[in-house]
Amino acid sequence: MWKRLLRIWRHRWLDEDDLARALPAATLERLGQRIALGEQRHTGQLRIHAEAGLPWSYLWRGASARERALTLFGKLGVWDTEGNNGVLIYLLLAERAIEIVADRGLARQVPEAQWRALVARMQPHFRAGRFEEGLGLALEEVSGLLAQHFPARPGQARTNELPDRPTLGR
């Protein structure tokens, strides 16, 4: 019971101001530029979404950051890219949790253990409050995977299907 109450308190304590301090506008701009630059190397689409805490409905039923990331994967349209190779990088500030959700095109190519290893390499950055550094590492590695499995071809017409600038939630 106490563990649940502590989790709820932690998620309700943090708000948009905390999120803006962790990821200020200049950081969001730089991350968006890194996404755009990375997408020149492959045909995939990358999104970053960060939230201060989970919504009440998730906290009430004890849902995980992973469950929220999967929901946002759909809400943000990452699942709906032409090549089925979109990737959502989700940061939950209250738990300093990171989740990476890859669409089926890329998920078939990259084993789950490789995704877990990437998240493990990012964790020290998030624990230390170096969110831009951790997200930058994720962008670099995920772009590398996309370039390996879905490389951009010279002269290939490409459209940017999803916004590059990271989005912030509650």
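The preceding data block contains the structure.
The following paragraphs examine the structure supplied in this document.

1. As for helix α1 (residues 2-13)
Across its twelve residues, α1 extends 16 Å between first and last C-alpha, which sits within 8% of the 16 Å expected from 1.5 Å per residue. On its buried face, α1 sits against α4 (56-60) and β2 (86-92).

2. Here we look at the sheet that holds strand β4 (residues 167-168)
Within a sheet, each strand pairs with its neighbour through backbone hydrogen bonds, oriented either parallel or antiparallel. Reading across from one edge, β3-β2-β1-β4 is the order of the four strands in this open sheet, with mixed pairing throughout. Edge strands, defined here as strands with exactly one partner in the open sheet, are β3 (97-102) and β4. Summarising the sheet, strand β1 (residues 45-51) and β2 pair through seven bridges and their orientation is parallel. Bridge assignment links glutamine 45 to a residue of β2, and that residue is glycine 86. Contacting β1 and β4, helix α3 (residues 25-39) crosses the sheet at an angle of about 160° to β1. Set on the sheet, helix α5 (residues 65-75) makes contact with β1, β2 and β3; between it and β3 the angle comes to about 40°.

3. Some remarks on the packing of α3 against helix α8 (residues 131-149)
α8 packs onto α3 with a crossing angle of 10° between their chain directions and a minimal axis gap of 10 Å. Regarding the angle of α3 to α8, the classification is roughly parallel. Residue-level contacts link Thr27, Arg30, Leu31, Arg34, Ile35 and Gly38 of α3 to Glu132, Leu135, Gly136, Leu139, Glu140 and Ser143 of α8. Of the residues that constitute the contact of α3 with α8, the class distribution is four nonpolar, four polar and four charged.

4. Here we look at the pattern of salt bridges
According to the stated counting rule, one finds ten salt bridges in the structure shown. The residue arginine 21 makes a salt bridge to aspartate 18 at a minimum N-O spacing of 2.6 Å. Remark: aspartate 18 and arginine 21 occur in helix α2 (residues 16-22); sequence separation between them is three residues, near one turn of the helix. Since its relative accessible area comes to 58%, arginine 21 is described here as exposed. For aspartate 18, a relative accessible area of 18% translates into the label buried. A salt bridge links arginine 61 to glutamate 67, with the shortest nitrogen-to-oxygen separation between them at 2.5 Å. The exposure class assigned to arginine 61 is partly exposed, which follows from its relative accessible area of 49%. For glutamate 67, a relative accessible area of 32% puts it in the partly exposed group.

Thresholds applied
- Residues numbered from 1 in each chain as written.
- Predicted model: local features only at pLDDT ≥ 70, side-chain atom pairs only at ≥ 80, totals over all residues.
- Heavy atoms only, no water.
- Helix = DSSP H or I, 4+ residues; strand = E, 2+ residues; numbered from the N terminus.
- Expected span 1.5 Å × (residues − 1).
- Contact = heavy atoms within 4.5 Å.
- Pairing = 2+ DSSP bridges.
- Axes fitted to C-alpha atoms, helices over the stretch in contact; angles between N-to-C directions.
- Parallel < 35°, antiparallel > 145°, perpendicular 65-115°, else oblique.
- Nonpolar A, V, L, I, M, F, W, Y, C, P; charged D, E, K, R; others polar.
- Salt bridge = Lys/Arg side-chain N within 4 Å of Asp/Glu carboxyl O.
- Buried < 20%, exposed > 50% of the residue type's maximum accessible area, 1.4 Å probe, protein only.

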